[in-house]
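Each chain, letter by letter, is given below.
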Amino acid sequence: MKRAELLAPAGNMEKLKMAFHYGADAVFLGGKMFNLRAGSHNFNDEELKEAVEYAHSMEKRVYVALNIIPHNNELELLPDYVKYLEEIGVDGVIVADLGVFQVVKENTNLNISVSTQASNTNWRSVKMWKDLGAKRVVLAREISLDNIAEIRAKVPDIELEVFVHGAMCMSVSGRCLLSNYMTGRDANRGDCAQSCRWKYNLVEETRPNEYMPVYEDERGTYIFNSKDLCTIEIIDKILDLGVDSLKIEGRMKGIYYVSNAVKVYKDAINKYYSGNYEYDPTWMEEIQSTSNRSYTQGFYHGQPGAEANNYNDRNSYSQTHQLVAKIEEKIGENEYVLGIRNRVLTGESLEVITTSGKPREIIMPKMTLITKAGEEEAEAANPNSVVRVILEGGFEPMDMIRRVKTQD
């Protein structure tokens, strides 16, 4: 049986390496031009080449987002750019615009994935893209399991990619005008201000106040504020459809989010293909350990109702754990260099997230703080500091250390 690819977001080189460390088969990322994450670090040309070489050394894949909706003045640089992407060996590009699609086809032999921005929700549009020469279609988020099954049956000879985890947009396939209208920041050009997360007062001129929805009170409403997508509880049903790639959203999220989501979904995928699949409740516990707006299964079961939105609270983020440190280097049998991400104290009870199995409990040992001036023992370490520690347990560089988050 052909295995579905686990595709992870990579906002920078560190996130790319972390995604691969925890089990991603491929990453999607953006260069400095033509992609829809202007606020992300993104990759310059040299970094793109390094990313591809690193991925290929691990037999992994890299897809580059070219999913901007361009204007005429932006097309001039595109032919040379896509030629460069082909030259460095990227495994494919993600395209939303027909003009960009044509430029890629005329100038390269790159594999093309049609972006979710193209809003593909039916088999006819998928077949059209296949006939034009696309290798893969990233289906719109607004699609059910039954619809995907029909598309797979009627267009069997094209790859299908679906979103399984991450933020949801209130607009169909991300085609939102709110940000541009309110702030001049164009969501279809990578600069969304996330206006859908703001507080609003709902006014409907022709009806009296008693008809106002229950999700608005005297403080207003977050009427556009969707919960985050999470499909870990139905991942077997998605895999049953024969899709080719499972996509995690979040190029602007931190390394803990990316690594944790990749590890959980990879574990579930491995269980599915082992032939002994059984849902593990700890998967959801781990997914909830990262920052989230609470979860919905989106459109997979049909049109979602009010339960899929956070109508009353924009700041609905919650998480059960906090990233404390990342193992940067192993310098001895049980000796490691840690990069500190949040303040940590000697004697704290923490957990190490390895690439397989459950988190391993540790007590933070004595730390040696490493600075330009030299080394000194420390009872506490602050963010962005570097320490040397002795840890027994056979850990690896890029393993993460976390604490149970104290609830405010």
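The structure this text deals with has already been given above.
These numbers come from a predicted model, not from an experiment.

1. A short note on the pairing of strand β19 (residues 386-390)
Both faces of the sheet carry side chains from a regular strand, because those side chains alternate between them.
In step 1: The side-chain alternation of β19 yields one buried face, formed by Val-387 and Val-389, and one unburied face, formed by Val-386, Arg-388 and Ile-390.
In step 2: Here strand β12 (residues 335-340) pairs with β19 via 5 bridges, running antiparallel. Within the sheet, the bridge partner assigned to Tyr-336 lies in β19 and is Val-389.
In step 3: Of the pairings in the sheet, the one linking strand β16 (residues 367-371) to β19 comprises 3 bridges and is antiparallel in character. Within the sheet, the bridge partner assigned to Ile-370 lies in β19 and is Val-386.

2. Some thoughts on the sheet that holds β12
In step 1: Reading across from one edge, β15-β14-β20-β11-β12-β19-β16-β17 is the order of the 8 strands in this open sheet, with antiparallel pairing throughout. The open sheet has two edge strands, β15 (360-363) and β17 (374-378), and neither has a second partner. On average, each strand axis in the sheet is inclined to that of its neighbour by 35°, with strand direction left out of account.
In step 2: Taken together, the 4 bridges between strand β14 (residues 349-353) and β15 define a ladder with antiparallel strand orientation. Bridging across to β15, Leu-350 finds its partner in Ile-362.
In step 3: The strands touched by helix α9 (residues 255-274) within the sheet are β11 (321-330), β14 and β20 (400-404), with β20 carrying the most contacts at an inclination of about 95°.

3. Notes on the packing of helix α2 (residues 45-57) against helix α3 (residues 78-88)
In step 1: Interaxial distance between α2 and α3 falls to 10 Å at its minimum, and their mutual angle equals 30°. Relative to α3, the element α2 lies roughly parallel. Viewed along their axes, α2 and α3 form a crossing whose handedness is right-handed. Between α2 and α3, the residues in contact are Asp-45, Glu-46, Leu-48, Lys-49 and Val-52 and Tyr-81, Tyr-84, Leu-85 and Ile-88, respectively.
In step 2: Each residue belonging to the contact of α2 with α3 can be placed in one class, and the counts come to 6 nonpolar, no polar and 3 charged.

4. What about the pairing of β14?
In step 1: By the criterion of burial, β14 is predominantly enclosed, with 4 of the 5 residues buried.
In step 2: Here β14 hands over to β15 after 6 residues, with Gly-357 in that stretch at a positive phi of 80°.
In step 3: One ladder, built from 3 bridges, connects β14 with β20; its direction is antiparallel. Among the inter-strand pairings, Glu-351 is bridged to a residue of β20, identified as Arg-402.

Reading the values: the criteria
- The residue count restarts for each chain, going from 1 along the sequence in the order it is written.
- Residues qualify for local features only when their pLDDT is at least 70, as the model is predicted, and side-chain atom pairs are given and counted only at 80 or more; totals for whole chains, interfaces and linings, by contrast, use all residues.
- Note that the side-chain values use all heavy atoms of the structure and ignore hydrogens as well as water.
- Exposed residues in this analysis have more than 50% of their type's maximum accessible area, buried residues have under 20%, and partly exposed residues fall in between, with area computed by a 1.4 Å probe over protein chains only.
- By the criteria applied, helices consist of DSSP H or I runs no shorter than four residues and strands consist of E runs no shorter than two, each listed in order from the N terminus.
- Being paired, for any two strands, means DSSP has found at least two bridges between them.
- Note on definitions: angles span 0 to 180 degrees between N-to-C directions of axes, and those axes are lines fitted to C-alpha atoms, for helices only across the stretch in contact.
- Whether two residues touch is decided by their heavy atoms; if any such pair falls within 4.5 Å, the residues are in contact.
- Working definition: roughly parallel below 35 degrees, roughly antiparallel above 145 degrees, roughly perpendicular at 65 to 115 degrees, and oblique for all remaining angles.
- What makes a crossing left-handed is the near helix being turned counterclockwise from the far one by less than a right angle; a clockwise turn instead makes it right-handed.
- Charged means Asp, Glu, Lys or Arg here, nonpolar means Ala, Val, Leu, Ile, Met, Phe, Trp, Tyr, Cys or Pro, and polar covers whatever is left, Gly included.

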